[in-house]
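# Coordinates in review
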Amino acid sequence: MIEFHLDGGSGLSPYQQLVQQVRHALRLGLLAEGDRLPTVKEVAGRLAINPNTVLKAYRELEHDGLVAARQGVGTFVTRTLPGASPAALGPLRKDLRRWLTKARLTGLDDESIEALFLDTFRNAAGEGVA
């Protein structure tokens, strides 16, 4: 089951963060068709947010055809999103962990690492690499 978290510095509203986390979990194979999302009450309680925020996120995911609410039972994943297979992600994840270790040993904090990654990603995308 997915474990939601909120980042006050992300620039995204809490509901958008929840939607994004479900989408990422679907792309990475962490959530599969038939999996149940935590209840609105569970998420609101753990994150100390308004239940309507969670409902808004779940409704958007439902509108996108990714989940379906079943009255009295819960909200379930109805389809996944295209992404690489978990087997293909393993070596990439290992390389990223090594890179993160190097970045931290260089003295970069999380915000600097994120800025460097995003800048490099955007430049590579502009060059047709990413």
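Everything in this summary refers to the structure shown in the same document. It should be emphasised that the depicted structure is a prediction, and the values quoted were computed from it without experimental measurement.

## Points about unusual backbone geometry
A positive phi angle, near 55°, is found at Ala48, a position not held by glycine. Relative to the assigned elements, Ala48 resides in the loop between helix H2 (40–47) and helix H3 (51–63).

## Concerning the sheet that holds strand E2 (residues 67–70)
Pairing is antiparallel in the open sheet, where 3 strands are placed in the order E1-E3-E2. With one partner strand each, in any of the chains shown, strand E1 (36–37) and E2 form the two edges of the open sheet. Where E1 lies against strand E3 (residues 74–77), 2 bridges are found, and the strand directions are antiparallel. Looking at E3, one finds that Arg36 is bridged to Phe76.

## Things to note about the layout of surface pockets
Considered as a void within the structure, the largest pocket measures approximately 1700 Å³ in volume. Along its surface, the largest pocket is lined by 32 residues, and Gln20, His24, Leu28, Glu114 and Phe117 are the ones closest to its centre. Going through the elements one at a time, helix H1 (14–27), helix H4 (86–105) and helix H5 (110–126) are the ones with two or more residues in the lining of the largest pocket. Partitioning the lining of the largest pocket into residue classes produces 15 nonpolar, 8 polar and 9 charged. For the second largest pocket, the calculated volume is near 250 Å³. When its residues are assigned to classes, the lining of the second largest pocket shows 6 nonpolar, 5 polar and 3 charged.

## A closer look at the pattern of salt bridges
Counted according to the given criterion, the structure contains 3 salt bridges. We note a salt bridge from Arg98 to Asp95, for which the minimum N-O separation is 3.6 Å. Separated by 3 residues within a single helix, Arg98 and Asp95 lie in helix H4, roughly one turn from each other. When its relative accessible area of 47% is taken as the criterion, Arg98 is described as partly exposed.

Thresholds, definitions, all that
Residues numbered from 1 in each chain as written. Predicted model: local features only at pLDDT ≥ 70, side-chain atom pairs only at ≥ 80, totals over all residues. Heavy atoms only, no water. Helix = DSSP H or I, 4+ residues; strand = E, 2+ residues; numbered from the N terminus. Pairing = 2+ DSSP bridges. 1 Å grid on protein atoms, 1.4 Å probe; cavity = no way out; pocket = protein on both sides within 12 Å on 5 of 7 lines; lining within 4 Å. Points joined across faces, edges and corners; volume = space filled by probe spheres on them. Nonpolar A, V, L, I, M, F, W, Y, C, P; charged D, E, K, R; others polar. Salt bridge = Lys/Arg side-chain N within 4 Å of Asp/Glu carboxyl O. Buried < 20%, exposed > 50% of the residue type's maximum accessible area, 1.4 Å probe, protein only.

Read these as layout, nothing more, since geometry by itself doesn't imply function.
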